[in-house]
Amino acid sequence: MTAESPPNGRIRVWDLPTRLSHWTLVSLFGVCWWTADSDRMQWHRIAGYGVLGAVLFRLAWGFCGGQTARFGDFVRGPAATFRYARKLFGRRGAGAPVPLGHNPLGALSILVMLALLLTQATLGLFAVNVDGFGSGPFAKWVSFETGRRFAHLHAANFQLLLLLIGLHLTAIGFYRFARKEKLLAAMIHGSKPHAPPGEAPYFVPGWRAVWLAAGIFIFVALLLNLR
Amino acid sequence: MRFTAIRNGAGRRPMLLIGALLAIAMAGSAGAAGLPQIVHARQAHFKALGRAAKSLRDQIGRSHPDWSLVASEASRIQHLASALPSWFPAGSGKGHGVKTRAGAAIWARPHEFARAAQTLLNRAQNVTRAAASHDPRALALGSRALGQSCGGCHRRFRARSSWW
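Just so we're clear, the structure is a prediction, and the values are computed from it rather than from any experiment.

## A look at the overall build of chain B
So, step 1. Within chain B, the regular secondary structure consists of six helices and zero strands.
So, step 2. Starting at the N terminus and walking to the C terminus, you meet the elements of chain B as α-α-α-α-α-α.
So, step 3. Across the 164 residues that make up chain B, the buried fraction comes to 34%.
So, step 4. For chain B, the share of sequence-separated contacts (at least 6 apart) that also reach a separation of at least 24 residues comes to 71%.
So, step 5. Accessible surface computed for chain B: about 10,200 Å², of which carbon and sulfur atoms make up 61%.

## Description of the side chain of A:Arg19
Residue and element names in this part refer to chain A.
So, step 1. Looking at the element boundaries, Arg 19 is found in helix H1 (residues 16-37).
So, step 2. By relative accessible area, Arg 19 is classed as buried at 8%.
So, step 3. Of the polar contacts made by the side chain of Arg 19, one reaches the backbone oxygen of His 189; its length is 3.3 Å.

## Let's talk about unusual backbone geometry
Residues and elements named next belong to chain A.
So, step 1. Even without a glycine there, the phi angle at Asp 39 is positive, about 55 degrees.
So, step 2. Inspection of the secondary structure assignment puts Asp 39 in the loop between H1 and helix H2 (41-64).
So, step 3. At Lys 180, a position not held by glycine, the phi torsion is positive, near 55 degrees.
So, step 4. Inspection of the secondary structure puts Lys 180 in the loop between helix H6 (144-178) and helix H7 (183-189).

## Looking at the interface of chain B and chain A
So, step 1. Facing the 20 residues of chain B at the interface are 23 residues of chain A.
So, step 2. In total, chain B and chain A occlude about 1,800 Å² of area from one another, counting both sides; carbon and sulfur atoms represent 54% of this.
So, step 3. Of the charged contacts in the structure, one is a salt bridge between A:Glu145 and B:Arg51, with a shortest N-O distance of 2.7 Å.
So, step 4. Where chain B packs against chain A, one counts five residue pairs in polar contact (both at pLDDT 80 or more).
So, step 5. Only helix H2 (12-57) and helix H6 (136-157) of chain B provide two or more residues apiece to the side of chain B that touches chain A.
So, step 6. Element by element, the count of residues in the side of chain B that touches chain A is highest for H6(B), at eight residues.

## With respect to the packing of H1(A) against H2(A)
Residue and element names in this part refer to chain A.
So, step 1. At a minimum axis distance of 9 Å, the contact between H1 and H2 shows a crossing angle of 155 degrees. Here H1 is positioned roughly antiparallel relative to H2, judged by the angle of their axes. Every pair of crossing elements has a handedness; the one defined by H1 and H2 is left-handed. Residue-level inspection shows Pro 17, Thr 18, Ser 21, Thr 24, Leu 25, Leu 28, Val 31, Cys 32, Thr 35 and Ala 36 of H1 in contact with H2, the latter providing Met 41, Trp 43, His 44, Ala 47, Gly 48, Gly 50, Val 51, Ala 54, Val 55, Phe 57, Arg 58 and Trp 61.
So, step 2. Among the residues making up the contact of H1 with H2, the classes are represented as 14 nonpolar, seven polar and one charged.

## Overview of the confidence of the model for chain B
All names here are of chain B.
So, step 1. Mean pLDDT for chain B: 83, with 77% of residues reaching 70 or above.
So, step 2. Across residues 3-7, where pLDDT falls below 50, the model places five contacts with residues more than four positions away in sequence or in other chains.
So, step 3. Considering only residues more than four positions removed or in separate chains, one finds that residues 24-30, a stretch of pLDDT under 50, has zero contacts.
So, step 4. Both confidence scores are given for the complex: pTM 0.82, ipTM 0.72.

## As for the pattern of salt bridges
Residue and element names in this part refer to chain B.
So, step 1. Tallied over the entire structure, the rule returns five salt bridges over all chains.
So, step 2. Salt-bridge contacts for Asp 58 lead to Lys 54; the nearest nitrogen and oxygen are separated by 2.5 Å.
So, step 3. According to the relative accessible area criterion, Asp 58 is buried, its value standing at 15%.
So, step 4. The network of salt bridges with common partners includes Arg 109, Glu 112 and Arg 156.

## Some details on the nonpolar core
Within soluble globular proteins, side chains that are nonpolar generally end up buried alongside one another.
So, step 1. Counting residues in hydrophobic clusters, the biggest one holds 31 residues, and the most contacted among them are B:Ile77, B:Leu84, B:Phe88, B:Phe113, B:Leu146 and B:Phe157.
So, step 2. Looking at this core, the elements with two or more residues in it are H2, helix H3 (67-83), helix H4 (105-108), helix H5 (110-132) and H6 of chain B.
So, step 3. With sequence-adjacent residues up to four places away left out, B:Phe157 is seen in contact with B:Arg101, B:Ala102, B:Gly103, B:Ala105, B:Ile106, B:Arg109, B:Glu112, B:Phe113 and B:Ala116.
So, step 4. The next biggest cluster of nonpolar side chains, apart from the first, holds 20 residues, and it includes A:Ile110, A:Met113, A:Phe158 and A:Leu161.

Thresholds, definitions, all that
Residues numbered from 1 in each chain as written. Chains lettered and ligands numbered in written order. Predicted model: local features only at pLDDT ≥ 70, side-chain atom pairs only at ≥ 80, totals over all residues. Heavy atoms only, no water. Helix = DSSP H or I, 4+ residues; strand = E, 2+ residues; numbered from the N terminus. Buried < 20%, exposed > 50% of the residue type's maximum accessible area, 1.4 Å probe, protein only. Contact = heavy atoms within 4.5 Å. Areas by Shrake-Rupley, 256 points an atom, 1.4 Å probe, with all protein chains shown as cover. Polar contact = N/O pair within 3.5 Å; in protein donor to acceptor, adjacent residues only side chain to side chain. Buried area = accessible area lost by both parts, 1.4 Å probe. Salt bridge = Lys/Arg side-chain N within 4 Å of Asp/Glu carboxyl O. Axes fitted to C-alpha atoms, helices over the stretch in contact; angles between N-to-C directions. Parallel < 35°, antiparallel > 145°, perpendicular 65-115°, else oblique. Left-handed = near helix turned anticlockwise from the far one by under 90°. Nonpolar A, V, L, I, M, F, W, Y, C, P; charged D, E, K, R; others polar. pLDDT = per-residue confidence, 0-100. Core = buried A, V, L, I, M, F, W, Y, C linked by side-chain atoms within 4.5 Å.

Set out below in structure tokens:
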């Protein structure tokens, strides 16, 4: 993937794999929610496998993707995160530096979000539905009662996910209206308007994402013994 | 005179009447207090159904299914499925002051519910036959259909647990 050059005065921030994995997770989360709510476990299971794959992809992409996608680039220690938060909410306001990619608080949210999603997918693998039929692929290793316990944890973790997603959307609204940063648009088209000279992040060739996605697909298929 | 009347049984009639009235009143209140028991028993039945279904399902796809286990679980499912309509006496659903997800549609559309229960029973019988003939393919197809009838009924008649 040669870096498509964004329009004048804009700078490319998010590469396509990062954006795709984000929106894949958003849509699969919706599918999972709806299929679980309406007892369509056949589809819920398939969408759940998709979530597992997308989370694994994003985790791996955090080590070999473009600069702004890398955990090493945006995950900061507690002191730096606290400094950022103090400046963000401080009385002098707007004093917080605007990082090109994720800010330290956003980084924290990403780590928790990915951890919750991975937990959710893993719990789902062992969960047993009320009818004993719509169960995860690993449910055969546990008893009906244990599987039901997994399902209840799955439901409780879902509430945590809803909370975090609510926080995520609130934060996007806060940046949009209080800090005039259009995070949503940036996650759609991948670029941000401000471009301090000499601050362009590096990106990696797109075939890397294709190979990674293929590898993760095979890994998930083998893990679940799909045919 | 009065004492002999009581002793020889003629005077016991009012006592019997009071006793009978008391018994009816207690039975009536037991009926009201019985609602949680009905719901609890129903949940226990459905858990038994789910447990048997999971146990049966775990055997599917194995190269050597435990056919005697499959047969016993299949007959358990069939037995429970044939009793299922009796677990839903009128007034034992959601909105009667007891925590249950038995939707109002069960009593609003009784014929549809009866038909769904009959479908479940038919499919359970198919699974029993497949288990008896040791046919893994028929077992897989049959239990898949059985599972779909569980989900189909839950979709139409089971209230959502969501809090929003």
